[in-house]
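What the coordinates show
Chain by chain, the residues:
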Amino acid sequence: EHYRRDDLVSGRVREIFERAMLEKSSRDLFEWRCEDNSDGRFPADRISLTTRWPMELERGRTLLVPVRGSLGSEGGKLTWSFEPFSADSRNKDEGETIVFSPEIRSLNVRYWWKEAGRWIDDWREAKSWPSAVEVEMIFADTRNGQRERKFVVTLPSPVEPVSPDDSPAAAPEPEEES
């Protein structure tokens with residue numbers, strides 16, 4: 001039973017990274033940041049990012065919507081806290097927190113630095129995006145000590161910014177009658 005639950009948790013965490021969103025021109029979408037927004041470093045136990053998350057509609061239907069979220073481990077729990085992308089950050093009523101697992105020992109994330117061809121423990125590049133993340137979750141197990149799940153997720157490429165030149169042509173000015 002524990003292993004099946006671990007697989008479900010791993011699947012949800014994988015989806016968060018697979019659906020990550022960023023746009024090169026938007027600081028909000030582009031930059032991953034730590035809780036205090038200090039230097040863009042990714043702390044190993046909490047990551048904030050924008051992603052698409054399923055929101056329930058009527059009659060059990062869901063829709064993937066952009067959310068700002070924070071994945072982390074604290075007090076032995078693996079949590080995903082998020083709020084709709086359009087939510088006012090001062091209004092915390094629109095946010096939601098889900099406990100993915102009540103028995104997490106650690107959450108570790110490493111980042112693939114494509115240019116150097118190696119995994120690194122923290123990401124300090126404010127102007128670039130890692131091409132993949134390696135996620136390691138260690139679950140507490142009272143009988144067997146611990147259980148581990150480790151997987152790699154290739155991150156989506158940044159969305160190219162929309163420039164004024166890319167917008168549809170404006171309607172032509174009306175011709176003057178002579």
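Details of the structure are given in the entry above.
A brief report on the enclosed structure follows. For clarity, every value in this text was computed on a predicted model and none was experimentally measured. (Residues numbered from 1 in each chain as written. Predicted model: local features only at pLDDT ≥ 70, side-chain atom pairs only at ≥ 80, totals over all residues. Heavy atoms only, no water.)

A few words now on the sheet that holds strand β8 (residues 145-154). Across the sheet, which stays open at both edges, the four strands sit in the order β6-β5-β7-β8 with antiparallel pairing between neighbours. Edge positions in the sheet fall to β6 (118-120) and β8, since each of these pairs with one other strand and no more. Going across the sheet, the axis of each strand differs from the next one's by a mean of 25°, ignoring polarity. As defined by bridge partners, strand β7 (residues 132-141) adjoins β8 across 10 bridges and the pair is classed as antiparallel. (Pairing = 2+ DSSP bridges. Helix = DSSP H or I, 4+ residues; strand = E, 2+ residues; numbered from the N terminus. Axes fitted to C-alpha atoms, helices over the stretch in contact; angles between N-to-C directions.)

The sheet built from four strands is open, its strands ordered β1-β2-β3-β4 with antiparallel pairing. Single-partner strands in this sheet number two, and they are β1 (46-56) and β4 (96-101). Taken pair by pair, the neighbouring strands of this sheet meet at an average axis angle of 35°, ignoring direction. As paired strands, β1 and strand β2 (residues 62-74) are joined by 11 bridges and run antiparallel to one another. Each residue of the ladder has a partner; that of isoleucine 47, found in β2, is leucine 71. Set on the sheet, helix α1 (residues 2-18) makes contact with β1, β2, β3 (77-84) and β4; between it and β1 the angle comes to about 100°. (Contact = heavy atoms within 4.5 Å.)

Along the chain, arginine 149 turns up in strand β8. Arginine 149 sits in the buried class, given a relative accessible area of 17%. (Buried < 20%, exposed > 50% of the residue type's maximum accessible area, 1.4 Å probe, protein only.)

Below, the discussion takes up the pairing of strand β5 (residues 104-113). Across seven bridges, β5 lies against β7 in antiparallel orientation. Note that in β7 the partner of arginine 110 across the bridge is glutamate 134. By the bridge criterion, three bridges tie β5 to β6 in an arrangement that is antiparallel. By the bridge assignment for β6, tryptophan 112 is matched with tryptophan 119. In textbook terms, the turn of a hairpin is the stretch between consecutive antiparallel strands, and for β5 and β6 this stretch comprises four residues, one of which, glycine 117, has a positive phi near 65°.

Taking 1.5 Å per residue, 17 residues should reach 24 Å; α1 reaches 24 Å between its end C-alpha atoms and fits that length. Buried within α1 are the following residues: Asp6, Val9, Ser10, Val13, Ile16 and Phe17. Across the axial projection of α1, the buried residues extend over an arc of 115°, all falling on one side. Among the exposed residues of α1, those oriented more than 90 degrees off its buried face are Arg4 and Leu8. Summarising the contacts, the buried residues of α1 are in contact with β1, β2, β3, β4, β7 and β8. (Expected span 1.5 Å × (residues − 1). Arc of directions from axis to C-beta.)

All right, on to the nonpolar core then. Counting residues in hydrophobic clusters, the biggest one holds 28 residues, and the most contacted among them are Val13, Phe17, Leu71, Leu78, Phe100 and Met137. For this core, the secondary structure elements donating two or more residues are α1, β1, β2, β3, β5, β7 and β8. With near-sequence residues (within four places) excluded, valine 13 lies in contact with Leu71, Leu78, Phe100, Val135, Met137 and Phe151. (Core = buried A, V, L, I, M, F, W, Y, C linked by side-chain atoms within 4.5 Å.)

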